[in-house]
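What follows is each chain in one-letter form.
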Amino acid sequence: MASGYRGRIAPTPTGYLHLGHARTFWIAMERAKEAGGKLIYREEDLDPQRCKNEYADAAMEDLKWFGCRWEEGPDVGGPHTPYRQSERSRQFLNAWEKLKDAGAIYPCDKSRKDVANAARAPHAEDNDAEPIYPEAWRPPAGTGQDAREPGASNWRFRVPNEREILFDDGRLGPCEFECLRDFGDFLVWRKDGVPAYELAVVVDDAAMDITEVVRGEDLLISTARQLLIYEALGLKPPAFYHTPLMVDTEGQRLAKRHRSLSLRELQEAGHKPEALRQSEDWWSGLDD
Ligand code: GLU
């Protein structure tokens with residue numbers, strides 16, 4: 001029986017994919033398969049400064065080499081075409097407008113550096129944590145509501161003052177985040193005219209009828225932020241399943257700097273995908 005499950009993998013072509021990406025995407029594929037559903041490939045190529053066609057082509061080739069398969073995507077088409085975010089600006093602009101009309105977002109002229117200098121870090125021990133945007137910098141309610149286009153400003157989502165975001169993760173169970181403690185007003189639109197990740201991903205997951213989002217657990221806070229966007233847009237959120245991050249032998253999380261673990265180099269060195277999936281690296285950090 002055909003199931004309604006729709007999962008997705010969403011690589012950003014800013015470098016070669018590594019084994020950690022492959023593992024997350026593999027888990028996404030397995031979950032779609034087990035549910036008798038479909039897997040969608042979406043290219044998250046929004047940032048014109050950092051994304052390159054060369055990496056976009058490589059991502060698809062490397063994932064195919066690795067054994068990943070999808071039912072819809074930029075190469076095979078499908079009912080929700082286009083599957084490249086750079087070709088979906090209309091949808092993002094519509095969402096910007098809805099959020100703006102609802103008073104959920106405001107224009108902001110502070111730079112990342114201003115925020116980093118002024119803000120308190122949410123978790124001092126976590127260097128990756130984004131600093132919290134100072135509440136004192138929020139403009140009065142209604143600011144920006146008469147704008148006709150985003151223009152050359154950043155736009156931020158006005159996070160509710162007292163609010164806990166609760167969701168049930170498919171792997172981690174109940175998750176809880178508190179607005180203004182764990183994260184503050186976050187970017188939804190960049191002044192260079194590009195929608196921010198948080199907005200684009202919600203718009204596309206909803207438009208593509210995604211029923212479960214499988215991604216790395218470094219994005220748990222993003223999930224909390226995205227749930228606020230779903231709510232503000234009146235959209236039903238999907239289920240979430242966050243995978244553990246792959247670590248190297250020193251316990252460091254894999255990043256694009258681990259060139260030796262890029263799928264490309266592993267392939268060139270003669271490794272076989274089946275063997276990689278049995279390797280210690282594959283199992284590192286997997287606790288279930
Ligand atoms: N393009 C994002 C990344 O590569 C995907 C995040 C997500 O799955 O929502 O990190």
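Everything quoted here is computed from the prediction, not taken from an experiment.

## Things to note about helix H6 (residues 220–233)
Move 1: Helix length check: H6, at 14 residues, gives a terminal C-alpha distance of 20 Å against a target of 20 Å (1.5 Å per residue), a fit within 8%.
Move 2: With 11 of 14 residues buried, H6 is to be regarded as a mostly interior element.
Move 3: Taken together, the buried positions of H6 are Leu220, Ser222, Thr223, Ala224, Arg225, Gln226, Leu227, Leu228, Ile229, Tyr230 and Leu233.
Move 4: Trailing H6 by a residue or two, Gly234 shows a phi angle of about 70°, which is positive.

## Digging into the layout of surface pockets
Move 1: Considered as a void within the structure, the second largest pocket measures approximately 290 Å³ in volume.
Move 2: Taken together, 14 residues form the lining of the second largest pocket, with Trp26, Ile27, Glu30, Trp283 and Leu286 sitting closest to its centre.
Move 3: For the lining of the second largest pocket, the elements supplying multiple residues, two or more each, are helix H1 (19–34) and helix H9 (280–283).
Move 4: For the lining of the second largest pocket, the leading source of residues is H1, giving 6 residues.
Move 5: Here the lining of the second largest pocket is composed, by residue class, of 7 nonpolar, no polar and 7 charged.

## A few points about the packing of helix H3 (residues 89–101) against helix H5 (residues 197–207)
Move 1: Where H3 meets H5, the axes come as close as 10 Å, and the angle between the chain directions of the two elements is 105°. In terms of their interaxial angle, H3 and H5 are classed as roughly perpendicular. Residues Gln91, Phe92, Ala95, Trp96 and Leu99 of H3 form the contact with H5, whose participating residues are Leu199, Ala200, Val203 and Asp204.
Move 2: Classifying every residue of the contact of H3 with H5 by side-chain character gives 7 nonpolar, 1 polar and 1 charged.

Conventions we followed
- Counting restarts for each chain, with residues numbered from 1 along the sequence as it is written.
- Owing to the predicted nature of the model, reporting of local features is limited to residues with pLDDT of at least 70; listing and counting of side-chain atom pairs is limited to 80 or more, with chain, interface and lining totals taken over all residues.
- Hydrogens are left out, water is left out, and the side-chain values use all remaining heavy atoms of the structure.
- Helix and strand assignments come from DSSP, with helices taken as H or I runs of at least 4 residues and strands as E runs of at least 2, each series counted from the N terminus.
- To estimate the expected span of a helix, subtract one from its residue number and multiply by 1.5 Å.
- For every residue, the accessible area (1.4 Å probe, protein chains only) is compared with the maximum for its type, and the residue is labelled buried under 20%, exposed over 50%, or partly exposed between those bounds.
- Definitions used throughout: a 1 Å grid over protein atoms alone; a cavity as a set of points that fits a 1.4 Å probe which cannot get out; a pocket as an open set with protein on both sides within 12 Å along at least five of seven lines; a lining residue as one with an atom within 4 Å of a point.
- Grid points are joined across faces, edges and corners, and a volume is the space filled by probe spheres set on the points.
- Put simply, Ala, Val, Leu, Ile, Met, Phe, Trp, Tyr, Cys and Pro go in the nonpolar bin, Asp, Glu, Lys and Arg in the charged bin, and everything else, Gly too, in the polar bin.
- Axis lines are fitted to C-alpha atoms, over the contacting stretch for helices. Their N-to-C directions set the angle, which ranges from 0 to 180 degrees.
- Here the angle decides the label: under 35 degrees means roughly parallel, over 145 means roughly antiparallel, 65 to 115 means roughly perpendicular, and every other value means oblique.
- Note on definitions: a residue-residue contact is assigned when non-hydrogen atoms from the two residues lie within 4.5 Å.

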